[in-house]
Amino acid sequence: MAKTYKSIALFSALLMGTGAALAGGPVDDKLVIDGEMEIQTRVAAPEGHPFDEIISGWHYRTEETRALEADSFQNPGMLYVERGEEIWNTVDGDAGKSCASCHEDAGEFLKGLGASYPKWNADAGKPFNIELQINQCREKNMQAKPYKFDAADQKALTTYIKHQSIGMPVEVDLTQGDMQAWWDKGKELYYTRTGQLNLACASCHEDYNGKYIRADHLSQGNVNGFPTYRLKQSEMVSLHNRFRGCIRDTRAEFPAAFSDDLMALEVYVTWRGSGLGVETPAVRQ
Amino acid sequence: MATPKPRVKVPKKASKGEVITIKTLISHPMESGQRKDKKSGELIPRQIINKFTCEFNGQMVFSCDMDPAVSANPYMEFNAKVTESGTFKFTWVDDDGSVYETENKIAVE
């Protein structure tokens, strides 16, 4: 009974659309970090894209939340960037190495890297995101245990790595390996309705973007700010955690982190945000 | 809980009588004492930063008490008028008795 009631509430919230009090849509504003670095948060979409313009989730947040991200001092996500840098330089595992032992010039090595992931990994025969690449280096090169999904150090190190590409345009290379096939699969999943509420990613982030679902202002669901600092959790939230949360909200079973389904979604959804500047660590509600 | 880390932003230089802006932030979960552990159902004990102070050359410039409604990683921004060179000392006091401190020098010309 409670379930039915909630689902009706959700739908009526969705269908309410843009009433006067809840006038929605992306705000007209510019993201300039510390008054110095402008981040591309609106770009023209490539051919074959469902939107004319690709817009970062930053434009859908409140003024206070947007201001937090624009000040690298106030942005709590920067604490995790600092922690990630410590991890990068800390020896771990039986080989007695740190990330820095092999990748000496972090500035040079990491610049732009985070903007180009997920990336085809020929040995594994599947796309890798930063988290998987970190785990591979830990196991193979450091003889250290791979991180469990969403371990604090995994989130901090991923945040640090992605942050080294801040402002650089997101670009996935679909010509490598079977990336195109993973993109196709991701697209199919994006438009597949799931759960008791029978909603697809596209229902919320395409059909209803700019409208309100309960108190949340629906964005295009772009990934250029991940891991993001979420005020609700007072924590960094990884991309696969966000995916799982969104799927759970349709009242469906959700796939495991880094499963083929979620990796395919990551390839496709990252492509949907092509050209947006990396915002990591973005601040969201 | 990871060890709280204070961060402070103070200009390195200022002219005599200038009003400067000081920004501070400390990483801290600010556990309110009102949340329940999802598994055990028990209340999670309160642990917050309950006091913050800023001194300049030993004199109090700014201080405040904090309560459990303050969100994680408390951020504090305030202004100070500087008339001489010296050292700002920032102090955060934790419920568990820990004290976190950091200092910043400023040159006044």
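Residues numbered from 1 in each chain as written. Chains lettered and ligands numbered in written order. Predicted model: local features only at pLDDT ≥ 70, side-chain atom pairs only at ≥ 80, totals over all residues. Heavy atoms only, no water.

- An unreviewed UniProt entry lists chain B under the name Thiosulfate oxidation carrier complex protein SoxZ, with Roseibium sediminicola as the source organism.

### A few points about helix 3 (residues 77-88) of chain A
Item 1. When the terminal C-alpha atoms of helix 3 of chain A are compared, their 17 Å separation across 12 residues agrees well with the 16 Å that a helix rising 1.5 Å per residue should span.
Item 2. Buried within helix 3 of chain A are the following residues: Gly77, Met78, Leu79, Tyr80, Val81, Gly84, Ile87 and Trp88 of chain A. (Helix = DSSP H or I, 4+ residues; strand = E, 2+ residues; numbered from the N terminus. Expected span 1.5 Å × (residues − 1). Buried < 20%, exposed > 50% of the residue type's maximum accessible area, 1.4 Å probe, protein only.)

### Quick look at the sheet that holds strand 3 (residues 18-26) of chain B
Residue and element names in this part refer to chain B.
Item 1. Spatial ordering of the open sheet is given by 1-3-6, a layout of 3 strands whose pairing is antiparallel. Lying at the two open borders of the sheet, with one neighbouring strand each, are strand 1 (6-9) and strand 6 (75-82). Pairs of neighbouring strands in the sheet enclose a mean axial angle of 20°, with direction left out of account.
Item 2. The sheet contact formed by strand 1 and strand 3 spans 4 bridges and is antiparallel. Note on strand 3: the bridge partner recorded for arginine 7 is leucine 25. (Pairing = 2+ DSSP bridges. Axes fitted to C-alpha atoms, helices over the stretch in contact; angles between N-to-C directions.)

### Comments concerning the environment of lysine 97 of chain A
Item 1. Residue position: lysine 97 of chain A is located in the loop between helix 3 and helix 4 (99-102).
Item 2. Non-local contacts of lysine 97 of chain A, meaning those with residues more than four positions away in its chain, are made with Thr90, Val91, Asp92, Cys102, Asn141 and Met142 of chain A. (Contact = heavy atoms within 4.5 Å.)

### Considering the domain arrangement of chain A
Residues and elements named next belong to chain A.
Item 1. Structurally, chain A comprises domain 1 (17-75 + 169-284) and domain 2 (78-163).
Item 2. Just the C-alpha atoms count here: the centres of domain 1 and domain 2 sit 23 Å apart.
Item 3. Across the boundary between the two partners, domain 1 contributes 31 residues, which contact 25 residues of domain 2.
Item 4. Taken together, both faces of the contact between domain 1 and domain 2 bury some 2,300 Å²; the carbon and sulfur share is 66%.
Item 5. The largest contributions to the domain 1 side of the interface with domain 2 come from Met236, Phe258 and Met263, which together make up 25% of the buried area.
Item 6. In this structure, glutamate 235 and lysine 155 form a salt bridge, with 3.6 Å as the shortest nitrogen-oxygen distance.
Item 7. If you tally residues by element for the side of domain 1 that touches domain 2, the top one is helix 11 (residues 260-272), at 5 residues. (Domains from an automatic or database assignment. Buried area = accessible area lost by both parts, 1.4 Å probe. Salt bridge = Lys/Arg side-chain N within 4 Å of Asp/Glu carboxyl O.)

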